Every structure is written in structure tokens, then in C-alpha cells.
Number of protein chains: 2
Amino acid sequence: MPGRLDQATVDLLGVLAYGELTAFERLAADARLAPTVADKIALGRMAAAEYDHFARLHDHLLAEGVDPEEAMRPFVDAIDGFHEGTPASGWLEGLIKAYVGDGLATDFYREVAAFVTDAATRGLVLEVLADTGQASFAVARVRGAIEADPAVGGRLALWARRLVGEALIQAQRVALEREALTELLVGGSGDLAGIARLLGRLTDAHTARMQALGLQA
Amino acid sequence: MPGRLDQATVDLLGVLAYGELTAFERLAADARLAPTVADKIALGRMAAAEYDHFARLHDHLLAEGVDPEEAMRPFVDAIDGFHEGTPASGWLEGLIKAYVGDGLATDFYREVAAFVTDAATRGLVLEVLADTGQASFAVARVRGAIEADPAVGGRLALWARRLVGEALIQAQRVALEREALTELLVGGSGDLAGIARLLGRLTDAHTARMQALGLQA
């Protein structure tokens, strides 16, 4: 059957699905760095939830007659590149990556989802973007570590800046290559002023997350 | 409240729960080594299923008034020791570990479960020991790799022997330290001849798995 979803919607589902699959792998790998069994359990629960999100996106693509691997393929290099460029060296860096990095990505995808015309897809995307508990968990653990050793804060703030820089590099790469997705975003925002407001909202939310961690943005 | 479960049953649930939690971490980490996105998805699905098993054991312990972390603690060193002693160097070694190593552990736990008097616990243990699809997946992938390059078979057979050796070392360590669990096994088997028959069954099943892979036991 001819696909019911337009290219931009398939792109959004594809990038999200591969993002969730790698988020799952990363959270599960970070669980091995967890200092206590309780931390291991908490990260494991989030990782399993990410896999569930991935599976729902995967099945939605299949149900719409789209090959999920085909849909993910254009984004594999950018997302793998992001993870290879930002390997967490230790438990706290992994938590920052899960909270700050995934937080930024989630905000961005939620903005894009608002422009998707297919209601079933839009609903599913908003559902899988729901927080799996990693925000409050990361905030509590990182704040605790900084209180115990304030010098940790400076190092982690640098790490968060590096994450954002690497994410912007990969996002630009995707924007150049995936015209349909870029047009959805530009068309949905209306004009350059709309894009500027969107970037402003992303920046504000990022600053709020850094503040919640007790880090300078 | 005083625990309703006896020490041997709590021990069995504890060792199983920590085993599932680390199996989840390991499968998820091996997913990063997967050569294709389809393999990544398949391993991710199994890993998420292992986490679900862990969560059910964890919740069962809680419902019985037992602290899951306390129940797991006696087995952390032995299970961590097993994984540290057998790091998979590559995708195929990870698959063999998931199939041969987990297969041996599963057979053993299933034998022990038969001696557990609490019916709800026994039922749950048998459910979480159900295969999550890793057997047929591992067999197909390993056989394919050996057909493509027969020399791989010798190296993987050595690896499987090393896994069994390391598992026996850690099992003896647990047997020495956890008297209740050892007594359950010995008492349930009846006598030394019963234990010998149990070991015979484990060995036969192990040999069958090696043959399924096309490897010499």
C-alpha cells in the first residue's frame, strides 16, 4: 500500500525510534556504573521504559506500512556520532547526559510533533516523550554529589556544555540532509521569528534544567 | 511482620533477581555490539524482558515483606565475579554467554524451584525462567557465523568451556556460603545419588545446547 504518512512524519518517527533505542542501550550501560543496587534498579527501570517507547514507535511504523529500519537509517550516523562524541566517563556524567541531553532532545521533538498532521502519530509521539522518571532521579543524585564535593559542579557544567555543542552539530547535519523534516519545522513555525521563539523556548528549558541540577548554564 | 518465606526460598529469589538484573545489563550492553539494527532490536527486546522478570521477583519479595536488596546482597559478589571473569569480547561471545551461560543457570534454578514449598513463589520462578527468545536467536546467529568461517567454531567452543568453568567456581562459592540454599538442594534431591542425577541432567542439557550451536562440548 502507498504510505499514509508523509515523509516528514516518517522522518520524525524514525529519528525518535532510533533515539529511544540508543537511549535504552546507554541507560542500561550506565546502570553498570551505578554505585548502589538501588541506583542500578532505578536506571534499569528507565532503560526498560525507553525500550517500550522504541517498540511502540517501531510497531506504529509497521502498522502504517513503513519499514522501521528504513525509517531509522537516515539518522543512525548522526545519533551514533553524538554518542561516540560524548562517552560518559562515570556515573554522574551519564546522569547529566540522560537529563540534560535527553531533555533538550525531548523538548525539540515535542515542538516538531505539534506540526504533525496525523493525530494518531502526534498522540503516540507525545506519549513516548513522557518523562520516565529520569529527571527527578538525576536531579537528586547530581545535587547530592555536588553538595558532597562542590568542585564536581564545575566539571559537570563543562560536560553539559559539551553535550549541547555536540547535539547542535549533529542536529545541523540532520537538518541539512532531511529536507522534509526541516520544512515541517520551518513551515510549522511560520517564519524566522517563529523559529527564533522556538529556539528561545528550548534555551529557557535547558537553563531551567541546569539550575535544577545546581549548575551554571 | 515475620517473613512467610523460609531462608532458602528468599535466597533463591534473591540470587535469581540479581541474576536477571545483571543479565539485563549485559544483554543491553551487547546490543551495542550488534552488527545490524535488526540484531540490536532483537537483543534489546530480550533485555527488556529480563528487566521485567527482575521487576516481578523484586515486587514479589516486597509483597512478602522481604527487602529485595537484602535478599540479593549475598549473591552480588559471586554474580559480579562471574561477569568480571568472563567479559565477552565481541558479539558472538556475548550470544554464547546469553545462550550457554544463562541456559545452564536456568536449568539449575528450575531444578531448585521444584523443591520450593511456597506455590506462588514456585510458579513465579518457573515463569521468569521461561526463554525470552534468546535460545533460537543465538543458535541461528552462531551457526551462521561458523558456516561463514569454520575456524570461529574452535574459538567459541573454548569460550563456552571457560564460561562453564567460571560458573562452577562461583556456584561453589555460593554453596559454601548459603547453607539454607544448599540444604534445600541436597534435601530436595534426597541423597548423593539424587544430586548426581541432577548434575547429569544439567550436563546433558548443556551438551544439547552446544550441539545445537554446532560446537563440541
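Treat the numbers as computed from the prediction; the structure is a model and nothing was measured.

Draft legend 1. Quick look at the overall build of chain A. A count of helical and extended segments in chain A gives 9 helices and 0 strands. In chain A, the succession of helices and strands from N to C terminus is α-α-α-α-α-α-α-α-α. Relative to the globule expectation of 17 Å for 217 residues, the C-alpha radius of gyration of chain A, 17 Å, shows essentially globular dimensions. Taken over the C-alpha atoms alone, chain A extends approximately 60 × 40 × 25 Å along its principal axes. Within chain A, buried positions represent 53% of all 217 residues. When contacts within chain A are restricted to residue pairs at least 6 apart in sequence, those whose partners lie at least 24 apart make up 82%.

Draft legend 2. Quick look at the nonpolar core. By size, the foremost hydrophobic cluster in this structure holds 146 residues, and its most contacted members are L12 and I96 of chain A together with L12 and I96 of chain B. Excluding residues within four positions of it along the chain, I96 of chain B makes contact with G101, V142, L156, W159, A160, L163, L213 and L215 of chain B.

Draft legend 3. View of the interface of chain B and chain A. Facing the 23 residues of chain B at the interface are 22 residues of chain A. Taken as a group, E25, I41 and Y51 of chain B account for 28% of the area that chain B buries against chain A, more than any other trio of residues on that side. On the surface where chain B and chain A come into contact, there are 2 salt bridges. A salt bridge links K40 of chain B to E25 of chain A; its shortest N-O distance comes to 3.1 Å. Between the two partners, chain B and chain A, sit 6 residue pairs in polar contact (both at pLDDT 80 or more). When contributions to the side of chain B that touches chain A are tallied by element, the ones reaching two or more residues are α1 (7-31), α2 (37-63) and α3 (68-85) of chain B. It is α2 of chain B that contributes the most residues to the side of chain B that touches chain A, 11 residues altogether. For the side of chain B that touches chain A, the class distribution of residues is 15 nonpolar, 2 polar and 6 charged.

Draft legend 4. Focus on the side chain of E166 of chain A. Structurally, E166 of chain A is set in helix α7 (residues 151-177). Buried and unpaired, E166 of chain A has no salt bridge, with R162 of chain A as the nearest side chain of opposite charge at 6.1 Å.

Draft legend 5. View of the pattern of salt bridges. All names here are of chain A. Inspection of the entire model under this criterion finds 24 salt bridges over all chains. When the shortest N-O distance is used, the salt bridge between R4 and E64 registers 2.9 Å. With R4 in the segment before α1 (7-31) and E64 in the loop between α2 (37-63) and α3 (68-85), this pair connects stretches of sequence that are 60 residues apart. One network of salt bridges, in which partners are shared, links R4, E64 and D118.

Draft legend 6. Local environment of the packing of helix α4 (residues 91-113) of chain A against helix α9 (residues 192-213) of chain A. Residues and elements named next belong to chain A. Here α4 crosses α9 at 155°, and the two axes come no closer than 10 Å. In terms of orientation, α4 and α9 fall into the roughly antiparallel class. For the pair α4 and α9, the crossing hand works out as right-handed. Mapping the contact onto sequence places I96, Y99, V100, G103, L104, D107, F108 and E111 in α4 and L198, R201, L202, A205, H206, R209, M210, A212 and L213 in α9. Among the residues forming the contact of α4 with α9, the class breakdown is 11 nonpolar, 2 polar and 4 charged.

The rules we used
- Residues numbered from 1 in each chain as written.
- Chains lettered and ligands numbered in written order.
- Predicted model: local features only at pLDDT ≥ 70, side-chain atom pairs only at ≥ 80, totals over all residues.
- Heavy atoms only, no water.
- Helix = DSSP H or I, 4+ residues; strand = E, 2+ residues; numbered from the N terminus.
- Rg over C-alpha atoms; globule rule 2.2 N^0.38 Å.
- Buried < 20%, exposed > 50% of the residue type's maximum accessible area, 1.4 Å probe, protein only.
- Contact = heavy atoms within 4.5 Å.
- Core = buried A, V, L, I, M, F, W, Y, C linked by side-chain atoms within 4.5 Å.
- Buried area = accessible area lost by both parts, 1.4 Å probe.
- Salt bridge = Lys/Arg side-chain N within 4 Å of Asp/Glu carboxyl O.
- Polar contact = N/O pair within 3.5 Å; in protein donor to acceptor, adjacent residues only side chain to side chain.
- Nonpolar A, V, L, I, M, F, W, Y, C, P; charged D, E, K, R; others polar.
- Lys, Arg positive; Asp, Glu negative; His and termini not counted.
- Axes fitted to C-alpha atoms, helices over the stretch in contact; angles between N-to-C directions.
- Parallel < 35°, antiparallel > 145°, perpendicular 65-115°, else oblique.
- Left-handed = near helix turned anticlockwise from the far one by under 90°.

Everything listed here is a matter of geometry and, on its own, says nothing about what the molecule does.
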